[in-house]
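A structural walkthrough
Here are the chains, one letter per residue:
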Amino acid sequence: MKALILVGGFGTRLRPLTLTLPKPLVEFANKPMIEHQVAALAAAGVTNIVLAVNYRPEIMTAALQKYEQQYNVKIDFSVETEPLGTAGPLKLAEKILGKDDSPFFVLNSDVICDYPFKQLADFHKAHGDEGTIIVTKVEEPSKYGVVVHKPNHPSRIDRFVEKPIEFVGNRINAGIYILNPSVLSRIELRPTSIEQETFPAMTKDGQLHSFDLEGFWMDVGQPKDFLSGTCLYLSSLTKKGSKELTSTSESYVHGGNVMIDPSAKIGNNCKIGPNVVIGPNCVIGDGVRLQRCVLLSNSKVKEHAWIKSTIVGWNSVVGRWARLENICVLGDDVTVGDEIYVNGGSVLPHKSIKANVDTPSIIM
Ligand code: GDD
Ligand code: MG
C-alpha cells in the first residue's frame, strides 16, 4: 500500500519550536511527530511513503533516510518549488500514487491518534466510492474542516465546510484520508486545497464518506494543543499498560502519565507528573516540581524550579526557584534566570530572561 504525508507549511503556529526544526520533526512524546506516522503506516502494511515537502527539504531528507531501514519502507520525497497547498502535492506525486489501481492514504503531518489504517482501508473498500476521511467529534469545530452527512445515510458526506464561521456540526476532518487514484484526475497541478476544492467536488458527486475515529485525537500544531495532545497520548499509553512510560513505583513519579528518556538524570526529592515528557539527556535538579509539561532533549531544570503547562525547548536552562506556567514555550537554547516567573508566552531561541514576565508575551 501507498501513502502521502503532507509535511509542508511553515508551522508558524508552533513557533518558536519551528524556528529550529520543521514541525514534523519536533518531538512529540520523545519521537519526531512524523515518526509516529511512519511507524503506524508501516505496521499497517504500507511499503511506499511519499513525503510532500516544500520547506527545508534537506533537513527532512537526512532525518527520514534512517526510517527507511528502521521501518522497512520506501520513502520518496516530493519537493514543491512553490507551496502547492493540501491537494496540489497529490498531483505532483501522481506517478507514485497513481502507479496502480490501489487506494492510497493521505495524512496531515500534525495529527496524533491511534491511527486505524487497516479498519479505514476495509471500510473504504466496502463502500466502493472514491474517498473516505476519518472524522472525530470536537467541542470547537470552527478551527477545523466540518462534515455534514446526507440525511438517512450513516457515512456519505453531503457537505464539507473548511473552518466554518457559523456552526454547521461538530464532526470534523481528522486530517487522515484514503483515496482512490481516480481522485488525482480531479486535482490540477497548482496551489490548491483539498479541503476547499477537492472535497466539496467529491461530496457533490456523492463520492466522499466518513469513518468515525475511536479514542483520542489531536492536531498538535499549536502549543496549547501540543500539550493537550501529549496528555491524551500519555493517558492512552497508561490504558494500554505501555512499557514506554516510567513506572509509577519510582518515588518521584506523581499521578502517572510520565515518560522519561532513560538517559535523563533526575535529582533527589523531585515530584514529576502527571502528564510529563522528559527528553534525552535532560538534567533535573533536586526538588524540582514538573506537571503537564514537555522538556525537549538536553534541557536542564535547576533545583526547586516549578514548571506547569510549558514546553521547554532543546538545550534550554531553567534557573533555581524559577516558576513557569500558563502555556510557556521556550525555544532552543533559552535561559531563564534564577527565581524568575514566566506567566505564559513564547521565548525565541538563544534568549536569556532576566526579569519576570507577568503577562503572556513573545520575548524576542
Ligand atoms: N506539502 C505541503 N505543501 N504541505 C502543506 C502545505 C503545502 O503547501 N500547506 C500545508 N501543508 C500541510 C501541513 O504541514 C499539514 O500537515 C497539513 O498540510 C494541514 O495543514 P495545517 O496548516 O496543519 O492545516 P489546519 O490544521 O489548519 O487544518 C487542516 O487540518 C485539520 C485537522 O487537524 C485541515 O485539513 C482541516 O480540514 C482539518 O480539520
Ligand atoms: Mg494542523
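Calculation notes
Residues numbered from 1 in each chain as written. Chains lettered and ligands numbered in written order. Predicted model: local features only at pLDDT ≥ 70, side-chain atom pairs only at ≥ 80, totals over all residues. Heavy atoms only, no water. pLDDT = per-residue confidence, 0-100. Donors = N, O, S within 2.8 Å, 3.2 Å for Na, K, Ca; no water. Helix = DSSP H or I, 4+ residues; strand = E, 2+ residues; numbered from the N terminus. Buried < 20%, exposed > 50% of the residue type's maximum accessible area, 1.4 Å probe, protein only. Arc of directions from axis to C-beta. Contact = heavy atoms within 4.5 Å. Axes fitted to C-alpha atoms, helices over the stretch in contact; angles between N-to-C directions. Parallel < 35°, antiparallel > 145°, perpendicular 65-115°, else oblique. Left-handed = near helix turned anticlockwise from the far one by under 90°. Pairing = 2+ DSSP bridges. UniProt positions renumbered as here; feature names shortened; annotations may be inferred. Salt bridge = Lys/Arg side-chain N within 4 Å of Asp/Glu carboxyl O. Phe/Tyr/Trp six-rings, centres within 6.5 Å; stacked < 30°, edge-to-face > 60°.

1. Some words on the confidence of the model for the protein chain
When pLDDT is averaged along the protein chain, the result is 95; 100% of the residues meet or exceed 70. Confidence estimates for the predicted assembly give a pTM of 0.93 and an ipTM of 0.98.

2. Topic: the coordination of the magnesium ion (ligand 2)
Taken together, the protein ligands of the magnesium ion (ligand 2) are Asp110 (OD) and Asp219 (OD), with distances of 2.2 to 2.3 Å. One end of the pair, Asp110, is in the loop between strand S6 (104-108) and strand S7 (111-113); the other, Asp219, is in strand S13 (residues 217-219), with 109 residues separating them in the sequence. Neither residue differs from the other here; Asp110 and Asp219 are each classed as buried.

3. A word on helix H6 (residues 194-204)
Within H6 the residues assigned to the buried category are Ile194, Glu195, Thr198, Phe199, Met202 and Thr203. The arc that holds the buried residues of H6, viewed along the axis, is 130°, so those residues lie on one side. Facing away from the buried side of H6 by more than 90 degrees, the exposed set consists of Gln196 and Lys204. Those residues of H6 hidden inside the fold are in contact with helix H3 (88-92), strand S8 (131-137), strand S10 (157-162), strand S11 (171-179) and strand S12 (208-212). Following H6 by one or two positions, Gly206 adopts a phi angle in the positive range, close to 65°.

4. Focus: the packing of helix H1 (residues 33-43) against helix H2 (residues 57-71)
Contact pair H1 / H2: the axes reach a minimum separation of 11 Å and the direction vectors enclose 30°. Classed by the angle they form, the pair H1 and H2 counts as roughly parallel. H2 is crossed by H1, and the crossing has right-handed handedness. Together, Ile34, Glu35, Val38, Ala39 and Ala42 of H1 and Met60, Leu64, Tyr67, Gln70 and Tyr71 of H2 make up the contact between the two elements.

5. As for the environment of Lys125
Mapped onto the elements, Lys125 comes out in helix H5 (residues 117-127). The spacing of Lys125 and Ser102 is 23 residues in sequence and 9.9 Å in space, taken between C-alpha atoms.

6. Description of the sheet that holds strand S15 (residues 265-266)
Spatial ordering of the open sheet is given by S15-S18-S20-S22-S24-S26, a layout of 6 strands whose pairing is parallel. In this open sheet, the two strands that pair with only one neighbour each are S15 and strand S26 (352-353). Relative to strand S18 (residues 283-284), S15 runs parallel, the two being bridged by 2 bridges. Following the sheet pairing, Lys265 is matched in S18 by Val283.

7. What about the UniProt feature "domain: Nucleotidyl transferase" (unreviewed entry) in the protein chain?
The feature "domain: Nucleotidyl transferase" (unreviewed entry), as annotated in UniProt, sits at residues 2-233 in this numbering. Taken as a whole, residues 2-233 contains 29% helix and 28% strand, while its terminal C-alpha atoms sit 26 Å from one another.

8. Quick notes on the UniProt feature "domain: Mannose-1-phosphate guanyltransferase C-terminal" (unreviewed entry) in the protein chain
In the numbering used here, UniProt assigns the "domain: Mannose-1-phosphate guanyltransferase C-terminal" (unreviewed entry) feature to residues 256-363. Strand forms 48% of residues 256-363 and helix 0%; the C-alpha atoms that close the span are 33 Å apart.

9. A short note on the pattern of salt bridges
Using the criterion set out here, one finds 17 salt bridges in the structure. Taking the shortest distance from any N to any O, the salt bridge between Asp114 and Lys240 comes out at 3.0 Å. Taken together, the residues Asp114 in the loop between S7 and H5 and Lys240 in the loop between helix H7 (223-239) and strand S14 (258-260) connect sequence positions 126 residues apart. With relative accessibility at 38%, the residue Asp114 sits in the partly exposed group.

10. Some points on the packing of aromatic side chains
The geometry of two aromatic rings is summed up by the distance between their centres and the angle between their planes. What the rule picks out here adds up to 10 aromatic pairs. Between Tyr177 and Phe199, the aromatic rings sit 4.9 Å apart at their centres with planes inclined by 85°, giving edge-to-face as the arrangement. Of this pair, Tyr177 sits in strand S11 while Phe199 is found in helix H6, placing the two residues 22 residues apart along the sequence. On the basis of relative accessible area, Phe199 is assigned to the buried category, the value being 0%. Cluster of aromatic residues (ring-pair linked, three or more members): Phe28, Phe216, Phe226 and Tyr233.

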